[in-house]
Amino acid sequence: MTKNPFSAEISKRRTFAIISHPDAGKTTITEKVLLFGQALQRAGTVKGKKSGQHAKSDWMEMEKERGISVTTSVMQFPYSNHLVNLLDTPGHEDFSEDTYRTLTAVDSCLMVIDAAKGVEARTRKLMEVTRLRDTPIITFMNKLDRDIRDPMELLDEVETELNIACAPITWPIGCGKSFKGVYHIHRDETVLYATGQGHTIQPVRKIKGLDNPELAKAVGSDLADQLREELELVVGASHEFDEELFLAGELTPVFFGTALGNFGVDHMLDGLVEWAPAPLGRETEEGSITADAPTFSGFVFKIQANMDPKHRDRIAFCRIVSGKYEKGMKMRHARLGKDIRIADALTFLAGDRALLEEAYAGDIIGLHNHGTIRIGDTFTNGDNFRFTGIPNFAPELFKRIRLKDPLKQKQLLKGLIQLSEEGAVQVFRPLANNDLIVGAVGVLQFDVVVARLKAEYNVDAIYEHINVSTARWVYSKDAKKLDEFRRKAEQNLALDGGDNLTYIAPTMVNLQLSQERYPDIEFTQTREH
Ligand code: GDP
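Remember, predicted model here, so these are calculated numbers, not experimental data. Within any chain, residue numbers begin from 1 and follow the written order of that chain's sequence. Selection of residues for local features in this predicted model requires a pLDDT of at least 70, selection of side-chain atom pairs for listing and counting requires 80 or more, and totals for whole chains, interfaces and linings are taken over all residues.

Things to note about the packing of helix α2 (residues 26-36) against helix α10 (residues 265-275)
Filter applied, for reference: Lines are fitted to the C-alpha atoms to define the axes, a helix being fitted only along its stretch in contact, and any angle between axes, read from their N-to-C directions, falls within 0 to 180 degrees. Going along the chain from the N terminus, every DSSP run of H or I of four or more residues is numbered as a helix, and every run of E of two or more is numbered as a strand. Angle categories: roughly parallel below 35 degrees, roughly antiparallel above 145, roughly perpendicular from 65 to 115, and oblique for all the rest. Each residue gets a C-beta atom placed from its backbone, and two residues are in contact if those atoms lie within 7 Å. Each residue receives one of three labels: charged for Asp, Glu, Lys and Arg, nonpolar for Ala, Val, Leu, Ile, Met, Phe, Trp, Tyr, Cys and Pro, and polar for the others, Gly being one of them.
At a closest axis distance of 10 Å, the pairing of α2 and α10 adopts a crossing angle of 70 degrees. In terms of their interaxial angle, α2 and α10 are classed as roughly perpendicular. In this structure, α2 uses I29, K32, V33 and F36 to contact α10, whose residues at the interface are V265, D266 and L269. Of the residues in the contact of α2 with α10, the class split is five nonpolar, no polar and two charged.

Written out as structure tokens, the structure is:
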């Protein structure tokens, strides 16, 4: 077998996302890793929640107002001879569908925990999602500059509540006002913390060995004794790091630090580049494609409209699975079976966009979308296979949407269809009347849609109550049966944004009855693109 010409490029890449409960410190840690990547001159410009600075990863007005991350941004930065891609996940609970799809595009996750609080609800939920693909997890216990809970108890909580073994890599020395730093168990050295250095990369002060007299001098003999005692306990009670278990998603290396004080973040990054997997392959309908397959392939996990109001464009985020992207190359849009030349893919350097010359497996490229790209689409080098595993979820909340000015019906429909292609919302057009129904997984999506329709499509829309309780996509292998169903159930059928046939049920009982009545029709709660 010939060696893949891109193997050096592949092996230096790491593509990950951060999972955490709101306020645990995801944004702060993002700033600091970018600082290490030196992608930003000075940390503190990712999200200007308080200072009013404009955020680099916040594209939308909405986000600035609410101080939440509605969009998914992509950042690439170099770290220690590696190239790291960080995919930001939307912070709000309502956007779980978007978050889910982003997590299908990464190879590992960083779990950030507020060490004063421990495991919180959203972390629990996101961990469930990562479990579906056994994604390797690195853990960062944050906010050590505050009074935190007992570290041993925190590890215990992660183990029992999230069902993953913990292997501490560093161990904290004190916390809050008396936080002195961490002892790096693998390197047998203490790294000392200095306050007030959060905006910089601090000069590292290390003390080798646990019995070094310098240790007591630096942290005080009480804390030094306490550290030695705790470590004896920890080594007995917790797990040793095991790379195989880590890669199987069964064990997480744990780091302690403070994102705000920019302390410990580099230890975590060292662990990420050393242990987290290089770009992994992916399943298709006909078998799997590995990252070292020689020709280009990738899939779209996210579409974002009007990211930059000045450009008024739509960008499809494509994760490269194998091969190399080169400016000007021809790609096959597998769903359409059409070859297109791509001269203007984008890369995402710390949220800024720049034209891209080349990219490799693990990277995310932004493709300009003129309405032909959908979430889940596959791009190849002339092959017709399609990647699997990027679902849409049936919405649980429904409203009828209506215009204040009825002359703008066309604009409204265009806006809704584009927003549904992004996965921001789902839109249904009943076969039997001219209603437009908006379906969402979370309540906040409704507000976002109306705000964006106004800002981006210049239409004023309002919602009305509608008697819909659930929706299912419908299929049948038997075209005749489907036709008959289409006629008989027309009152309950609609087309979604991608023209897929959908059953709109006023009640769960109604859905059940229809399922019983039409056994040849398949009703599904998720739809693969
Ligand atoms: P996100 O919601 O997870 O993105 O959290 P943020 O990064 O916005 O942080 C939430 C709040 O916690 C902000 O006020 C941060 O300044 C603060 N914060 C983040 N990391 C630390 C830390 O290490 N120590 C302390 N004391 N505060 C922190």
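Points about the pairing of strand β30 (residues 493-496)
Which entries qualify depends on this criterion: Buried residues are those with 20 or more other C-beta atoms within 10 Å of their own C-beta, exposed residues have 12 or fewer, and partly exposed residues lie in between; C-beta atoms are placed from the backbone. Pairing between two strands requires that DSSP report at least two bridges joining them.
Across the two faces of β30 the burial differs, with A494 and D496 buried and L493 and L495 not buried at all. Across three bridges, strand β26 (residues 426-430) lies against β30 in antiparallel orientation. Within the sheet, the bridge partner assigned to R429 lies in β30 and is L495. Bridging between β30 and strand β31 (residues 501-505) involves three bridges; their strand directions are antiparallel. The partner of A494 across the bridge, within β31, is T502. Turn length for the β30-β31 hairpin, with the two strands adjacent in sequence and antiparallel, is four residues, and the turn residue D499 shows positive phi of about 65 degrees.

Some remarks on the confidence of the model for the protein chain
Put simply, the test is: The predictor reports its confidence for every residue as pLDDT, a score running from 0 up to 100.
For the protein chain, the mean per-residue pLDDT works out to 87, and 88% of the residues sit at or above 70. Scored below 50 in pLDDT, residues 41-72 shows 65 contacts in the model against residues more than four places distant or in partner chains. For this predicted complex, the interface confidence reaches an ipTM of 0.99, while the overall pTM sits at 0.83.

Considerations on the sheet that holds strand β32 (residues 522-524)
Strand order in the open sheet formed by eight strands is β28-β25-β27-β26-β30-β31-β29-β32, with antiparallel pairing between adjacent strands. The strands lining the two open edges of the sheet, one partner per strand, are β28 (461-464) and β32. If you compare each strand with its neighbour and ignore which way they point, the axes differ by 40 degrees on average. Across the sheet, helix α11 (residues 409-422) is in contact with β25 (397-403), β26 and β28; its angle to β26 comes to roughly 130 degrees.

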